[in-house]
Structure formats: C-alpha cells, structure tokens
Amino acid sequence: MHIHILGVCGAFMGGLAQLAREDGHRVSGCDSETYPPMSDELRNAGIELIEGYDPRQTCLSPDLFVIGNAISRGNPLLEAILDRDLPYVSGPQWLSEHILRGRWVLGVAGTHGKTTTASMLAWILEKAGLSPGFLIGGVPLDFAVSARLGSSPFFVIEADEYDTAFSDKRSKFIHYRPKTLILNNLEFDHADIFSDLAAIERQFHHLIRTLPASGLIVSNRHDASLERVLAEGLWTPVEYFDDPKGIHLTGDDTDGSLILHDGKATVALENWGLFGEHNRKNAAAALLAARHAGVPLKDGLTALACFRNVKRRLEVYGEARGITVYDDFAHHPTAIAATLAGLRRKVGSERIIAVLEPRSNTMKLGIMKDQLAASLEAADLVFCHAANLGWDAAAALSPLGARSTISDDLENLIDCIVAAAQTGDHVIIMSNGGFGGIHARLLAVLENQPATPAR
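Computed from a predicted structure; not experimentally measured.

Can you explain the overall build of the protein? Please cite residues and give values.
The helix and strand tally for the protein stands at 15 helices and 23 strands. Over its C-alpha atoms, taken along the principal directions, the protein stretches across nearly 65 × 60 × 40 Å. Here the protein holds 455 residues, and the buried ones make up 58% of them. Considering only residue pairs separated by 6 or more positions, the protein has 64% of its internal contacts joining residues 24 or more positions apart. Surface accessibility of the protein: about 18,100 Å² in total, with carbon and sulfur atoms responsible for 50%. With 41 positive and 55 negative side-chain charges, the protein shows a separation of 4 Å between the mean positions of the two kinds.

Right, dumping it as structure tokens:
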C-alpha cells in the first residue's frame, strides 16, 4: 500500500510514518516545514518528503491519504482530496487498523509525564526480553527512535487526549483500545480545543469505556480529576501507583537512590539516574503496567537502573564557561514547577536560570498566565521570550520582581542571559518547540566570552 501523510513531520505522524515503512508500505508525506531532526529521521527510513501542501500532490495517486490533526479545512491539499472524493483516514484510525489490531496495547495517558513514562515502560519490557513495539512523542535515549514495530504482541503508546483530525474531534486515544492503561494525572490543557476541564474528563471517561474487564488501569489516587473520571463508570480493575499502603517509590535526589515499597518489603536501587518526585511516580506507574504484562517488579526496577531518560527531558545540552545548559520540554506551569523542583533538589544552592518560551496553544492564549510566576519560583533568574503572545508577560511575571527579564527579541534575550550567567550556573531552557535554536546560539556566545565568577 502507498500512503501519503499530510503533516508528516509532527511527532505522532512522523512516528506513524516510520511504523508504516517498517511494516512494508510505501510512504510519502508532506509538511509546511520539513526540517531536522524529524526530516532526517524520515528520509533515513526511506520516506519521500515534499515541502508544502500543493494540490498537485494528488497526482501521486496513493492508495490512501493519512491526515494529521494539524491539517485544517482550507488546507489546499486537503480541499483537493475532498473535492475529488479521494480516500483518506486520520492518523490514529490508520494506526488502530493496521498496527495495533490484535496487539496488547499499553497506553500512557495524562496531562504530564506521558513521554517519560511510556519510555520507561517500553524499556522495562525490552530488558525483560519482550521486544515491544512503541510510538512515543519523544526519542528515548535507550532506543534512539521514537517508534518501532517490535516483534511481540506488546505495543506501548503515548495516549494523547488531543483531537484526532479535522473530521474526528474525539481524542486520539479513543482509537487505541488499550488493555493496560496508565493514568498519570489530569489538568486543564489544550484550551484551543477544550472549553474546560470537564470536557477533557469526558474524553477520559470515553477512553475508560474501551478497556476490557481483563485489562488493568494504573492510576493516580491523589488526582481529583482522575477520581471523578473513574467514578463515572468502571469496568476494569484499578491499581494505584502512589498508594502508601501499596506500590510506591521513594528516594533521595542527592545520592541517586530509589526505593521500591510493595506493601511487604522494600528494594533499594542505588544508581537511579533521574530525579524529582514526578519521575518516581512515573517509574512506579511503569512498573505496575509492566507487571500486568508479566514483568516482576524487581526485574522492572533492575531495568530502570540503566534507563537513560528521553531527549529534551532535562537533557544536558552542553557546557561553557562552567555553565551547564539544559533542554527541557516543560511548557505547562505544573510541568515547569516539577522540573525546577527536581533540578533544585539536585543542585542545592547553586543558581538556576530558567529560560521560557510560552509556545503551546494554551500558553499563547494566556489561559495559564496567572499560574506562571508561581511555577518559576524555584529559579533564581527567569528570562521569558514574549514574542507573538496575546497577553502581557511582564505583568504575569511581575510577582518575581527583578528576577524576571522579558523580551520579544531572541538576540536581546540571549545577550541578557549571557550578561547574567556566572560560573556554576544551571541554565534550563523550556519550550515545546525549537525556540529559534537558542540552545546552540547561547552556548556559542558563552564560549566566546570570558568566564564570570560566581558572586
């Protein structure tokens, strides 16, 4: 089958393209911006890429067009497909019908932690010899790819609540039909498509309705929204990953320890490479989900000892002048606060400089602006790139006082960061996009400046 994918360079659609190619299909695709690293990953997989959405792409005559959810009515290629009554399907539906059917799907859902938890779960299954397939919205360092078919029935997928396509406004995860489901947490997000938290909870309820009685839900007992979802109807057993009387993880960020409590005994792991309470919860959820697939808890914990995390999750990007620069995907106030809290526990009293790009649709709309200053409280200095915002970033961050600097000019922002940075500082750059290549540009400027000793 020849499929042509619209929006092929997105994280989900790019992963789907690689799965389809690995499954033996001819795959081509188009996007408005075909740029590295996804463009390189796709070309290396033998996928034909076309820049833009010229309607003449219909002349490729694929067996099927697969439409990404970034494609809206008015897109010239989509309009040509509809006018000519050509066959099309959404990405999630194609995935469900051609890749997931007949497999043991392990879904990871929630507002935060999906990518990290899914990567942990896939790695635990891999180390247990189960060779899972997976489709993850990031690149796990242990696999170096975001998607693969695998050679067993098990398939791990990041179960996103965002809508499916222009023609299907259900959440993508409705199509996946998981047998094992992790529910990490649930907050209001995606304000461009959901009117309120209740609308998102309704989609999660619809997801719960798709699970079999032989399945398992691994949930967060201390999340009120998830408890409301489960109270709406439940046909599948539930285990909690943060139950003080059951499975939970504790540890110390300063010495890298991780301790598994299973209600009967404790098992210690001394070389845990991640830090932060949020990552311990992610790990506990992954351990329980893997146990449902047949992996004992102790074996799962052993696998986590060598788990190397995911690209763009507090990833050290580089170092210059004794200043460490990190890349992180955090873009929601809860995720920002959790990331900074974890880094603070790790670095102690050393200075943290937070550099933020409010880029997600929800952040651009200003829905979360009143929570932003509090989420950045753990940082010593805050720099915010405020271009293309419909709200006043300076007003939103005013509770931080002189600690915050706002600029809509990226070069100016870099100059301000360089002027403020001192030897021993930790600069964490937070965005769900490329942020204008600020990471490399900042390091290049730092390397050409004399070191500024800590004061």
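Following the structure, the description resumes.
Before we move on, could you go through the side chain of T324 and cite the residues and values that matter?
Along the polypeptide, T324 turns up in strand 19 (residues 323–328). Since its relative accessible area comes to 13%, T324 is described here as buried. Those residues in contact with T324 that lie beyond four places of it in its chain are V316, G318, E319, D425, H426 and V427.

Before we move on, can you summarise unusual backbone geometry with the specific residues and values?
For A144, which is not glycine, the phi torsion reads 70° and is therefore positive. Among the structural elements, A144 can be located in the loop between strand 7 (133–135) and strand 8 (147–148). Overall, A144 belongs to the exposed group, its relative accessible area being 54%. Positioned with a positive phi, R321 is a non-glycine residue whose angle comes to about 55°.

Any details on the side chain of H426? Residues and values, ideally.
With respect to the helices and strands, the residue H426 is situated in strand 23 (residues 426–430). For H426, a relative accessible area of 9% corresponds to the buried category. There is a polar contact of 2.5 Å between the side chain of H426 and the side chain of E350. Filtering out sequence-adjacent residues up to four positions away, H426 remains in contact with T324, Y326, L343, V347, E350, R351, I352 and I353.

So, the pattern of salt bridges: which residues are in play, and what are the values?
With the rule as written, the count across this model stands at 17 salt bridges. Residues D425 and R351 are paired through a salt bridge, measuring 2.7 Å at the closest nitrogen-oxygen approach. Placement of D425 in the loop between helix 14 (410–420) and strand 23 and of R351 in the loop between helix 10 (333–347) and strand 20 (352–356) is noted, with a sequence separation of 74 residues between them. Judged by its relative accessible area of 2%, D425 is buried.

Pulling in residues and values, what's your account of the environment of A70?
Note on placement: A70 falls in the loop between strand 4 (64–67) and helix 3 (76–83). Using a relative accessible area of 65% as the deciding quantity, one classes A70 as exposed. Between the C-alpha atoms of A70 and L6, which are 64 residues apart in sequence, the distance is 8.6 Å.

Give a description of helix 1 (residues 11–22) that names residues and reports values.
Taking 1.5 Å per residue as the helical rise, helix 1 with its twelve residues ought to reach 16 Å, and the 17 Å between its terminal C-alpha atoms agrees with that figure. Helix 1 sits mainly inside the fold: nine of its twelve residues count as buried. Turning to helix 1, its buried residues are F12, M13, G14, G15, L16, A17, Q18, L19 and A20. Two residues or fewer after helix 1 comes G24, characterised by a positive phi angle close to 100°.

Any details on the packing of helix 5 (residues 114–127) against helix 9 (residues 297–304)? Residues and values, ideally.
Between helix 5 and helix 9, the least distance of the axes is 9 Å, while the angle of their chain directions is 110°. Judged on the interaxial angle alone, helix 9 and helix 5 are roughly perpendicular. Where helix 5 crosses over helix 9, the handedness of that crossing is right-handed. Where helix 5 approaches helix 9, its residues M120, W123, I124 and K127 are matched on the opposing element by G300, A303 and L304. Of the residues contributing to the contact of helix 5 with helix 9, the split by class is five nonpolar, one polar and one charged.

Before we move on, could you go through the pairing of strand 18 (residues 315–320) and cite the residues and values that matter?
Strand residues, when the strand is regular, have side chains that alternate between the two faces of the sheet. Two elements, strand 18 and strand 19, share five bridges in a ladder whose sense is antiparallel. Following the sheet pairing, E315 is matched in strand 19 by D327.

Which residues make up the sheet that holds strand 17 (residues 266–269), and what are the values?
Strand order in this open sheet of three strands is 15-16-17, and the pairing throughout is antiparallel. Two strands close off the open sheet at either side, each with one partner strand: strand 15 (248–252) and strand 17. Taking each pair of neighbouring strands and ignoring which way they run, the sheet shows an average axis angle of 20°. Across four bridges, the pairing between strand 16 (residues 257–261) and strand 17 is antiparallel. Across the sheet, the residue bridging to L258 is L269, located in strand 17. Contacts from helix 8 (residues 277–292) reach strand 15 and strand 16 within the one sheet, and its direction differs from that of strand 15 by about 145°. Packing of helix 9 onto the sheet brings it into contact with strand 15, strand 16 and strand 17, and relative to strand 17 it is tilted by some 15°.

Tell me about helix 4 (residues 91–100), and name the residues and values.
One full turn of an α-helix is made of 3.6 residues, so residues set three or four places apart face in the same direction. Among the ten residues in helix 4, seven count as buried, and that is most of the element. Along helix 4, the residues classified as buried are G91, P92, W94, L95, S96, I99 and L100. Where helix 4 begins, one side-chain oxygen reaches toward the backbone nitrogen of Q93, 3.2 Å away; that side chain belongs to S90. A positive backbone phi angle near 85° is found at G102, which sits one or two residues after helix 4.

What counts as what
Residues numbered from 1 in each chain as written. Predicted model: local features only at pLDDT ≥ 70, side-chain atom pairs only at ≥ 80, totals over all residues. Heavy atoms only, no water. Helix = DSSP H or I, 4+ residues; strand = E, 2+ residues; numbered from the N terminus. Buried < 20%, exposed > 50% of the residue type's maximum accessible area, 1.4 Å probe, protein only. Contact = heavy atoms within 4.5 Å. Areas by Shrake-Rupley, 256 points an atom, 1.4 Å probe, with all protein chains shown as cover. Lys, Arg positive; Asp, Glu negative; His and termini not counted. Charge placed at Lys NZ, Arg CZ, Asp CG, Glu CD. Polar contact = N/O pair within 3.5 Å; in protein donor to acceptor, adjacent residues only side chain to side chain. Salt bridge = Lys/Arg side-chain N within 4 Å of Asp/Glu carboxyl O. Expected span 1.5 Å × (residues − 1). Axes fitted to C-alpha atoms, helices over the stretch in contact; angles between N-to-C directions. Parallel < 35°, antiparallel > 145°, perpendicular 65-115°, else oblique. Left-handed = near helix turned anticlockwise from the far one by under 90°. Nonpolar A, V, L, I, M, F, W, Y, C, P; charged D, E, K, R; others polar. Pairing = 2+ DSSP bridges.

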